[in-house]
Amino acid sequence: VIDVTEELVKRRKIETERDVDLLTGLYNRRGMETQMSLLFREPEKMRYAAIVMIDADGLKGINDTYGHEMGDAYLKKIGGVINNFGIQSSLSARIGGDEFVLFLYDYAAEDELTNTIRTIEYIQGHSTARLDENLTVSLRFPMGYCMLDEGLSYEEMLKIADERMYENKRQRKAEEARKAETAT
């Protein structure tokens, strides 16, 4: 009998390092794609589902003003928000420097899923993040989403959600500019 426990532990550690973002503990792009390909093999098990793209707005300003340690803390806070989301099943990932993906699935009804997305939309404009004992900042993130539609691949859904996220970002910047003009 050969004890394979040590070998299995090593393999799992390598897989974790390969598939998980070390900063946030969320999946990285590779890990997310692996999980999504598994889910999309059995789309009937996803029932009502949506992909949500999120961009950590203001990261450069935080890094420039407070340092990269606070920027990392900001990314961790956003990661924490999306990682603990979804009343049903969800996958969350940091797929780039300041870009996150949340995949919500296995909802019994479309209105349950829509309510979850509406909650995320509320959070995007009404939350703060305590980065350390002396620093609290607005938690801002443009977002876009795409509901699961028969025939759409994960990549197609991600592209649509990404386009909508950038549209949301443009709208939010225009709104901020209008508010700044009004205030002067």
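Residues numbered from 1 in each chain as written. Predicted model: local features only at pLDDT ≥ 70, side-chain atom pairs only at ≥ 80, totals over all residues. Heavy atoms only, no water.

Peer 1: I tried to follow the environment of S127 on my own but got confused; where do I start?
Peer 2: By the secondary structure assignment, S127 is in the loop between α5 (110-123) and β4 (128-132). With 10 residues separating them along the chain, S127 and V137 place their C-alpha atoms 8.7 Å apart. If we ignore the near neighbours within four places in the chain, the residues touching S127 are V137, S138 and L139. Here I123 takes part through its backbone oxygen, which lies 3.2 Å from a polar atom of the side chain of S127. (Helix = DSSP H or I, 4+ residues; strand = E, 2+ residues; numbered from the N terminus. Contact = heavy atoms within 4.5 Å. Polar contact = N/O pair within 3.5 Å; in protein donor to acceptor, adjacent residues only side chain to side chain.)

Peer 1: How do you make sense of the nonpolar core when you look at a structure like this?
Peer 2: Here is a general trend for soluble globular proteins: nonpolar side chains tend to be buried in one another's company. One finds I54, Y74, F100, L104 and L131 to be the most contacted residues of the largest nonpolar core, which totals 29 residues. Mapped onto this core, the elements with two or more residues apiece are β1 (48-55), α3 (59-66), α4 (68-83), β3 (99-107), α5, β4 and β5 (135-138). With 6 residues, α4 is the largest single contributor of residues to this core. Beyond its immediate stretch of four places on either side in the chain, Y74 contacts A56, D57, L59, I62, L131, V137, S138, L139 and R140. Formed by 20 residues, the second largest nonpolar core is a distinct cluster that contains A49, M53, L91 and A93. (Core = buried A, V, L, I, M, F, W, Y, C linked by side-chain atoms within 4.5 Å. Buried < 20%, exposed > 50% of the residue type's maximum accessible area, 1.4 Å probe, protein only.)

Peer 1: Please clarify how the pattern of salt bridges should be interpreted in this entry.
Peer 2: When the charged atoms of two side chains with opposite charge come close together, those side chains can pair. Across all of its chains, the model carries 11 salt bridges by this definition. D19 is paired through a salt bridge with R18; the nearest N and O atoms lie 2.9 Å apart. You can call D19 buried: its relative accessible area is 11%. One salt-bridge network, in which partners are shared between bridges, spans R18, D19 and R30. (Salt bridge = Lys/Arg side-chain N within 4 Å of Asp/Glu carboxyl O.)

Peer 1: Would you explain the confidence of the model for the protein chain in this entry?
Peer 2: Taken residue by residue, the protein chain gives an average pLDDT of 89. The fraction at 70 or more is 93%. For the protein chain, per-element mean pLDDT is lowest for helix α1 (residues 5-19), which scores 72, and highest for strand β6 (residues 143-147), which scores 96. (pLDDT = per-residue confidence, 0-100.)

Peer 1: Any chance you could explain α3 here in plain terms?
Peer 2: Residue pairs spaced three or four apart in an α-helix point in one direction, given the helix's 3.6 residues per turn. Among the residues of α3, those classed as buried are L59, I62 and N63. When α3 is viewed along its axis, its buried side chains cluster within an angular range of 100° and face the same direction. The exposed set on the far side of α3, more than 90 degrees from its buried face, consists of K60, D64 and T65. Where α3 ends, the next residue or the one after it, G67, has phi of about 105°, a positive value. (Arc of directions from axis to C-beta.)

Peer 1: Where do I start with helix α6 (residues 154-183) in this structure?
Peer 2: Across its 30 residues, α6 extends 43 Å between first and last C-alpha, which sits within 8% of the 44 Å expected from 1.5 Å per residue. The inward-facing, buried residues of α6 abut α2 (29-40), β1, β3 and β6. (Expected span 1.5 Å × (residues − 1).)

Peer 1: I would appreciate a short explanation of the sheet that holds β1 in the present structure.
Peer 2: Backbone hydrogen bonds are what pair the strands of a sheet, in a parallel or an antiparallel way. Spatially, 4 strands are ordered β2-β3-β1-β6 in an open sheet, and the strand pairing comes out antiparallel. Both outer strands of the open sheet, β2 (89-94) and β6, are each paired with one neighbouring strand and no more. Strand after strand, the sheet turns through a mean of 15° between neighbouring axes, direction not considered. Sheet topology note: the β1/β3 ladder contains 7 bridges and is antiparallel. Residue pairing across strands places M53 opposite V101, the latter belonging to β3. Sheet strands in contact with α4 are β1, β2 and β3, and its direction is about 10° off that of β3. Packing of α5 onto the sheet brings it into contact with β1, β3 and β6, and relative to β6 it is tilted by some 170°. (Pairing = 2+ DSSP bridges. Axes fitted to C-alpha atoms, helices over the stretch in contact; angles between N-to-C directions.)

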